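Report on the structure
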Amino acid sequence: MQVIVIGAGLGGLCLAQGLRQRNIDVAVYESDASLTSRRQGYRIHIDGHGDRALAANLPAQLHRLFRATAGVPRTSTPVFDHRLERLAVLEPSDDGVHLAVNRLTLRQILLAGLEDVVRFGRRFTHYRVGAGDRVTAYFSDGTAATGDVLVAADGVNSPVRRQYLPHARVVDTGLRQLYGKVPLTPQTRDLFLDDMFAVFTPIVGPDGSFVGVAPVEYPEPVRQAAARLAPEVGLRDTEDYMTCSFGARRELLPPDDELRAMSGAELRAMALRMIDGWHPGVRAIIDHWDTSTVFPLALRTSVPIEPWPTTGITLLGDAIHAMSPAGGVGANTALRDAGALAAALGEAAAGRPLVAALAEYEAAMVAYGFAAVRTSAENGRRLLGQDPLPAA
């Protein structure tokens, strides 16, 4: 069996690791020139679904390295208003795994051992299905690759999805978010209440705008962890930080093209103007943004669709069920997809009919993936002023 994966994000790399563990031929094609070509966010919350998928798909030493570079935040989530008065404390309702990881560190771990099968700088343009239902993927540089399975792991803007499921919609949530970091030093730690060293802490303003903070604290220096557990993996040293975001309705902000053209310092100044009158402690957090890390993002969500006929083309992660961050499970759902799809393709490689294995994967993925989309959209509507999810 030959599997072509479009996209080297968390889900695509996790899938490739799982296929490698099962001795299945896999090639991954990524349009970005490298792991660091584009800013995609910082801290990621990993729950039980994500951790189990990583444990199932990664070699044991890489999963140990992942756990050694993951912080363990408080599990209770406080919710504050703009005066820093506590509105609620939310308790987790799952199996108790809550980890805070740096996105780039996790992607570096997921890439380890796959350097020979991941091709960067290869932009997918379209596919064709040929004899024996084999699928050929074509790239902008004129090259092509043919396999038995084509996996769309290429994110919310997936060109594979646009061709394969043209009726699947991705819509604007009405929210814009500015992402940045506050380095955690002995001085800046005092900016944050002890309660804020939690999985995520939202601070909600009177006009629906919000500030969100969440820690990344490494149990030990990442290079030291790599040298101890997986010397072949080169990890970049990085310091503890708080990821800190400011979000608001799009109507309250400049148009998207203007936001993208603004510098980090200009974005910080704008956010400070918009939280004028908030508690001085909240303003101090935004004032300590490392402006070199600040960038804007339009938040979008998929609209659930009915199941489709199964073929040798399938999807995972944001390519099929992008969701509002208000649920905090987008990355975990992509990793869950990768674990389930690797297992399904392993069964097919062992003799199960390919379409039957993929159909079972897609039935489960559509159910739990779109359930997460609906929950995240409702949380976003209720807490952050997100547009209601359109009807399917």
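Per an unreviewed UniProt entry, the protein chain carries the name NAD(P)/FAD-dependent oxidoreductase and comes from Nonomuraea helvata.

So, the pattern of salt bridges
Considering all chains together, one arrives at 19 salt bridges under this definition. Notably, a salt bridge pairs glutamate 220 with arginine 228, separated by 2.3 Å at the nearest N-O pair. What makes glutamate 220 buried here is its relative accessible area of 14%. Between aspartate 387 and arginine 249 there is a salt bridge, with its nearest N and O atoms 2.7 Å apart. Of this pair, aspartate 387 sits in the segment after helix 12 (354–384) while arginine 249 is found in strand 15 (residues 241–249), placing the two residues 138 residues apart along the sequence. Classification of aspartate 387 as partly exposed rests on a relative accessible area of 22%. A single salt-bridge network, built from bridges that share partners, covers Asp172, Arg176, Arg249, Arg250, Glu251, Asp256 and Asp387.

With respect to the sheet that holds strand 10 (residues 144–147)
On the basis of which strands lie adjacent, the open sheet formed by 3 strands has the order 8-9-10 and antiparallel pairing. This sheet does not close on itself; its edge strands, each paired only once, are strand 8 (124–129) and strand 10. Direction aside, the axes of adjacent strands within the sheet are offset by 20 degrees on average. As paired elements, strand 8 and strand 9 (residues 135–139) share 5 bridges and run antiparallel to each other. Counterpart to valine 129 in the pairing with strand 9 is valine 135.

Topic: the UniProt feature "domain: FAD-binding" (unreviewed entry) in the protein chain
UniProt's entry tags residues 307–374 with the feature "domain: FAD-binding" (unreviewed entry), counted in the numbering of this structure. Summarising residues 307–374: 66% helix, 4% strand, and an end-to-end C-alpha distance of 16 Å.

Examining the nonpolar core
Proteins that are soluble and globular tend to have nonpolar side chains buried together. Within the largest apolar cluster, 92 residues are counted, with the highest numbers of intra-cluster contacts made by Val3, Ile6, Leu15, Phe66, Leu150 and Trp308. For this core, the element with the most residues is helix 12, which contributes 10 residues. Setting aside its immediate chain neighbours within four residues, leucine 150 contacts Ile4, Ile6, Phe124, Tyr127, Val135, Ala137, Val160, Gly312, Ile313 and Thr314. Grouped together as the second largest cluster of nonpolar side chains are 28 residues, Val182, Leu184, Leu253 and Leu259 included.

Some points on the pairing of strand 11 (residues 149–152)
The alternating pattern of strand 11 places Val149 and Val151 on one face and Leu150 and Ala152 on the opposite face, and all of these are buried. Pairing between strand 1 (residues 2–6) and strand 11: 4 bridges, direction parallel. Bridge pairing in strand 11 places isoleucine 4 opposite leucine 150. In this structure, strand 11 lies alongside strand 17 (residues 313–315), joined through 3 bridges in parallel fashion. The residue bridging valine 151 from the neighbouring strand is threonine 314, located in strand 17.

A closer look at the packing of helix 1 (residues 10–21) against helix 11 (residues 330–349)
Where helix 1 contacts helix 11, the two axes come as close as 8 Å, and the packing angle between them is 25 degrees. Between helix 1 and helix 11, the crossing angle belongs to the class labelled roughly parallel. In terms of crossing hand, the pair formed by helix 1 and helix 11 is right-handed. Along its contact with helix 1, which presents Leu10, Gly11, Cys14, Leu15, Gly18 and Leu19, the element helix 11 presents Ala331, Ala334, Leu335, Ala338, Leu341, Ala342 and Leu345.

Conventions we followed
Residues numbered from 1 in each chain as written. Predicted model: local features only at pLDDT ≥ 70, side-chain atom pairs only at ≥ 80, totals over all residues. Heavy atoms only, no water. Salt bridge = Lys/Arg side-chain N within 4 Å of Asp/Glu carboxyl O. Buried < 20%, exposed > 50% of the residue type's maximum accessible area, 1.4 Å probe, protein only. Helix = DSSP H or I, 4+ residues; strand = E, 2+ residues; numbered from the N terminus. Pairing = 2+ DSSP bridges. Axes fitted to C-alpha atoms, helices over the stretch in contact; angles between N-to-C directions. UniProt positions renumbered as here; feature names shortened; annotations may be inferred. Core = buried A, V, L, I, M, F, W, Y, C linked by side-chain atoms within 4.5 Å. Contact = heavy atoms within 4.5 Å. Parallel < 35°, antiparallel > 145°, perpendicular 65-115°, else oblique. Left-handed = near helix turned anticlockwise from the far one by under 90°.

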